[in-house]
Amino acid sequence: MPTRYLVTGGAGFIGSALVRHLLGQESGNVTVVDNLYSGKLANIEAVKDRIEFHKTDIRDYEALRPLMDGVEVVFHLAAIPSVPRSISEPVPSHDVNCNGTFNVYRAAHEAQVRRVVYAASSSAYGDTDVLPKTESMMPRPKSPYALQKLMGEYYGSVFHSCFGLEAVALRFFNVFGPRQDPGSPYSGVLSLFMKAALEGQTPTIFGDGEQSRDFTYVEDVAALVYKAAHAPGVSGRVYNAGNGGRYTLNFVWDQVQKLAGVTLPANYGPPRAGDVRDSQADTAAAQRDLNHSPQFSIEEGLRRTFDWYRGA
Ligand SMILES: NC(=O)c1ccc[n+]([C@@H]2O[C@H](COP(=O)([O-])OP(=O)(O)OC[C@H]3O[C@@H](n4cnc5c(N)ncnc54)[C@H](O)[C@@H]3O)[C@@H](O)[C@H]2O)c1
């Protein structure tokens, strides 16, 4: 029997990469649930004949619940995924990231899904005194978004302990790669850098540009998410899904300029509320329990990503 997977947010940037990864595995049967808030059908156009797509909002429990019948693993990636947007528009952010996430766990439990793999966020750590950030550190969320994503982890752990649903949370660290939408000021910083370089525009960096991030290539994330669906003995646990490196925004903007063959000094704006200063994952637990080692260096990831944006 093929394994039945359901991906919420499967028309989004990371979700669509995961869908392609699942289709590349042995025998998988993939359902995508997405309301196309920020996701796009174009992201799954190439595989549309091999998946089942439902334009459904995860806040609509009655619509969501029957889609889980017969599903073995749910990958829950649907969210409004932005720190600044959760500050400028806190209500929809809370509604989707908290109430929608509760619906996903509840529907999965009711439908007797075996496991939910949840897209958590490194933002839950906040500013830590020590780097890299390890899963045993006390979370200190600095924004509504970080808190909402942390709540989703806690709900997973409680659905595991109280209801017996297997739940694994993966804290993604600044994922980048093809199909990340640069279309709004809330977009991921690397997608904005790529767009700026290709259009010959100067990007705005909020702060001095010396803030650092563990940029992680999207295909590494998809591979880890898949492993988290099948690894034994990890239910109720949280793992970092990072690359283990740490690069400043000034460094990556330099790299993007080199790839594009342009010289465009960045504009610097005031630091943004809710942003953490430094981020770097300790990847030892994911390596030990999920047998995962990232395959893509920052240079290789940037090159592939730039090639994709240039072609698009
Ligand atoms: N990109 C990152 O660096 C990063 C870092 C940490 C965590 N994450 C998490 O990874 C997940 C995917 O993020 P992404 O970067 O691919 O963003 P994305 O915006 O491309 O994907 C989110 C998807 O969720 C869908 N969605 C939003 N609200 C919905 C709703 N109410 N019902 C159904 N679908 C809905 C959107 O249409 C979109 O397709 C999110 O949960 C995000 O919080 C991302």
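Anything mentioned here points back to the structure above.
Residues numbered from 1 in each chain as written. Predicted model: local features only at pLDDT ≥ 70, side-chain atom pairs only at ≥ 80, totals over all residues. Heavy atoms only, no water.

Thoughts on the packing of aromatic side chains
Heads up, the condition is: Working definition: a ring pair exists when centres of Phe, Tyr or Trp rings (six-membered ring for Trp) sit within 6.5 Å. Plane angles under 30 degrees give stacked, over 60 give edge-to-face, the rest tilted. A run of DSSP states H or I qualifies as a helix once it reaches four residues; a run of E qualifies as a strand once it reaches two. Both are numbered from the N-terminal end. To sort residues, take the accessible area from a 1.4 Å probe on protein chains only and compare it with the maximum for the residue type: under 20% means buried, over 50% means exposed, and anything in between is partly exposed. Here, a charge over a ring means that NZ of Lys or CZ of Arg falls within 6 Å of the ring centre while also lying within 35 degrees of the ring normal.
One pass over the full model with this rule turns up 14 aromatic pairs. Ring centres of Tyr 105 and Tyr 118 lie 6.3 Å apart, and the angle between their planes is 45°; this geometry places the pair in the tilted category. Pair noted here: Tyr 105 is in helix H4 (residues 90-110) and Tyr 118 is in strand E5 (residues 115-121), with a separation of 13 residues, a long-range link. Its relative accessible area of 1% is what places Tyr 118 among the buried residues. Among the aromatic side chains, those forming a connected cluster through ring pairs are Phe 102, Tyr 105, Tyr 118, Tyr 155, Phe 159 and Phe 163. Against the face of Tyr 61 rests Arg 106, its NZ or CZ located 3.7 Å from the ring centre. Taking the ring centre of Tyr 125 as reference, the NZ or CZ of Arg 171 above it sits at 4.5 Å.

Points about unusual backbone geometry
Looking along the chain, the bond that leaves Leu 131 and enters Pro 132 is cis, with omega of -5°. As for its position among the elements, Pro 132 is in the loop between E5 and helix H5 (144-163). Although it is not a glycine, Leu 36 sits at a positive phi angle of roughly 60°. On the secondary structure map, Leu 36 appears in the loop between strand E2 (28-34) and strand E3 (51-55). For Asn 174, which is not glycine, the phi dihedral falls at a positive 35°.

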